[in-house]
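Coordinate inspection notes
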Amino acid sequence: MSRTRDPQWSFADLEFLSQNIQLEPVLQAISDFIDEHSELVEKVRRDLVTGLKKPHTGRHGLTAQQTLRSLTLMRVKNWDYRELRERIADGYTLRRFTDFHSQSVPKHDAFHRAFNQLTPATLQAVNQAVVRAAVTVGLEDGQKLRADTTVVETDIHHPTDNTLLWDSVRVLTRLVQRLMKRLPAGIDGFTNRTRSARRRMLQIQRMTSKERGRSQVEKYRQLIGITEQVVAEARALLQKTQKMRGVDSLTGITIQSLRGQIQHYVGLADRVVEQSRRRVLEGQPVATAQKVFSIFEPHTDLIKRGKVLKDIEFGHKVFLAESACGLITQYRVLDGNPSDQDQVEAALDRHQKTFRRCPELCSLDRGFFSEKNVELCRRAGVKIVCIPQCGGQKTPHRQAFENSPVFKKGQRFRAGIEGRISVLFRGRGMKRCLAEGRQRFELLVGAAVLANNLMVIAQLLIRKQKRRRHAA
């Protein structure tokens, strides 16, 4: 459970504050910004109390202040849960920043539970509130817009048909064995076939190109047959245990949870068997949208962007739009592999809603180019549409425009978002999502963007204060 109000201060907290501990300037600026905008904390609090009948009573948990500040710190420093907990518990300054003061810092799993109570919609709303606050205090005016797409990977191994079949066999076998241990009387009718499945998988994996043409189909037929047997026996076990209950309520809950997991993976295993049979045995192509690339992260998309070093990526395409000062004003986790050209209209609409004006400069890369998008930007009121033409013969007028200083300056401005993406990957943990599920994937992206925006605002506020001191 989570507390809805800040706890009462103790004498130890007052003594802690009397030490006059100073935060580093960036963290101090972030802390002051959060204090001045209580609506950010309120949005987090609503998620923490969702589903609680009596949020004011019960076991103590992280407050909304502690949750928001700890999540920001975790992404700013790019720490994992264990290091986050150890750093806060071991440092006076981080205790003050995260609002723990002299209180005991909970274990790392408490942070994990609190962060996972947040929803992607809440982080989206918090980010929008941060951007609006930056506009209100005069840090951003929305005159310039640059955007790009990137791919955030999911935590999966490179998918092949044989490894997906092997994953299905071993996971179903493991779950069935756990279920059979929980049943009060036990049950028969399931055979452990992990050794035979693993042997076929390794045989396929180690084949040379000549051996694949000669004996790959037969090995795949055997591996598919083993997988079908495991799936059939797991499904029969679900039917037999449908009305079984445990000796106590806790065991009964565990049994129902295991049955739900088995049902989930049985459905995914059926899809893996079907796509392997069509691709390998029947030689039929399978559409990308119908493929399963991981039974652990079934929401994963296959992304082809034409990159030389990484032709195929597995994860989700993410659209990012940035202002002149470095604020990420909008982000979206896209489904599938849509064209960049389809994102321009939505980006302009969102920019106008946020800043109440159209950008004077819209700078994008050639992937966003189309005559429709150029005309769309001009009709919307964009004065400089800086999108290089992609394909086709350039007219003399177009060639002269792309050689002009204004266009080249706009493209140099556009290149800045590449550095922003690099910072998100290397410094904010957005390179690869280690959490499970589509919702947690979107939470990672939202938290990384939030940390970036708060860092940018803090740096701008520090510069603004310095200019005021120099002017005085």
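Residues numbered from 1 in each chain as written. Predicted model: local features only at pLDDT ≥ 70, side-chain atom pairs only at ≥ 80, totals over all residues. Heavy atoms only, no water.

This part is about the side chain of N127. Here N127 shows up in helix α8 (residues 120-136). At 3.3 Å, the side chain of N127 and the backbone nitrogen of L450 are in polar contact. Setting aside residues up to four positions removed in sequence, N127 forms contacts with Y331, G446, V449, L450 and N453. (Helix = DSSP H or I, 4+ residues; strand = E, 2+ residues; numbered from the N terminus. Polar contact = N/O pair within 3.5 Å; in protein donor to acceptor, adjacent residues only side chain to side chain. Contact = heavy atoms within 4.5 Å.)

The subject of this paragraph is a positive patch on the surface. A cluster of like positive charges, contributed by K144, K408, K409 and R412, occupies part of the molecular surface. If you trace the backbone, K144 turns up in strand β1 (residues 144-154). A relative accessible area of 32% means that K144 is categorised as partly exposed. (Patch = residues over 30% accessible without salt bridge, like charges linked within 9 Å, V, L, I, M, F, W, Y side chains within 5 Å. Areas by Shrake-Rupley, 256 points an atom, 1.4 Å probe, with all protein chains shown as cover. Salt bridge = Lys/Arg side-chain N within 4 Å of Asp/Glu carboxyl O. Lys, Arg positive; Asp, Glu negative; His and termini not counted. Charge placed at Lys NZ, Arg CZ, Asp CG, Glu CD. Buried < 20%, exposed > 50% of the residue type's maximum accessible area, 1.4 Å probe, protein only.)

The terminal C-alpha atoms of α8, which comprises 17 residues, lie 24 Å apart, in line with the 24 Å expected from a rise of 1.5 Å per residue. Residues P120, T122, L123, V126, N127, Q128, A129, V130, V131, A133 and A134 constitute the buried set of α8. Where α8 is buried, its residues meet α2 (25-36), α3 (38-48), α4 (64-77), β4 (328-333), α13 (344-355) and α18 (438-471). G138 occupies a position one or two residues after α8 and carries a positive phi of about 85 degrees. (Expected span 1.5 Å × (residues − 1).)

Bringing the packing of α8 against α13 into the picture now. At a minimum axis separation of 10 Å, α8 and α13 run at an interaxial angle of 55 degrees. The orientation of α8 with respect to α13, classified from their angle, is oblique. Together, Q124, Q128, V131 and V135 of α8 and R350, T354 and F355 of α13 make up the contact between the two elements. In terms of residue class, the contact of α8 with α13 is made up of 3 nonpolar, 3 polar and 1 charged. (Axes fitted to C-alpha atoms, helices over the stretch in contact; angles between N-to-C directions. Parallel < 35°, antiparallel > 145°, perpendicular 65-115°, else oblique. Nonpolar A, V, L, I, M, F, W, Y, C, P; charged D, E, K, R; others polar.)

What follows is about the pairing of β4. Where burial is concerned, most of β4 is hidden: 6 out of the 6 residues are buried. The pairing of strand β3 (residues 312-322) with β4 spans 5 bridges and is classified as antiparallel. Across the sheet, the residue bridging to E322 is I328, located in β4. Joining the antiparallel neighbours β3 and β4 is a turn of 5 residues, in which G326 adopts a positive phi near 105 degrees. (Pairing = 2+ DSSP bridges.)

Let us look at the packing of aromatic side chains. Across all of its chains, the model carries 7 aromatic pairs by this definition. Here the aromatic rings of Y81 and F115 are separated by 5.9 Å at their centres, their planes lie at 35 degrees, and the arrangement is tilted. Here Y81 is found in helix α5 (residues 81-90), whereas its partner F115 is found in helix α7 (residues 108-116), with 34 residues between them in sequence. Taking relative accessible area as the criterion, Y81 reaches 24% and is therefore assigned partly exposed. Residue classification places F115 among the buried positions, given a relative accessible area of 5%. Consider the rings of F293 and F314, whose centres lie 5.5 Å apart with planes at 55 degrees: the pair is tilted. Residue F293 is found in the loop between α12 (249-281) and β2 (301-304), and its partner F314 is found in strand β3; the two are separated by 21 residues along the sequence. Take F293 and F314: they sit in the same class, and that class is buried. Ring-pair connections join several aromatic residues into one group, and the members of that group are Y81, F100, F111 and F115. Taking the ring centre of F97 as reference, the NZ or CZ of R69 above it sits at 5.8 Å. Its end group placed over the ring of F413, R146 keeps NZ or CZ at 4.4 Å from the ring centre. (Phe/Tyr/Trp six-rings, centres within 6.5 Å; stacked < 30°, edge-to-face > 60°. Lys NZ or Arg CZ within 6 Å of the ring centre and 35° of its normal.)

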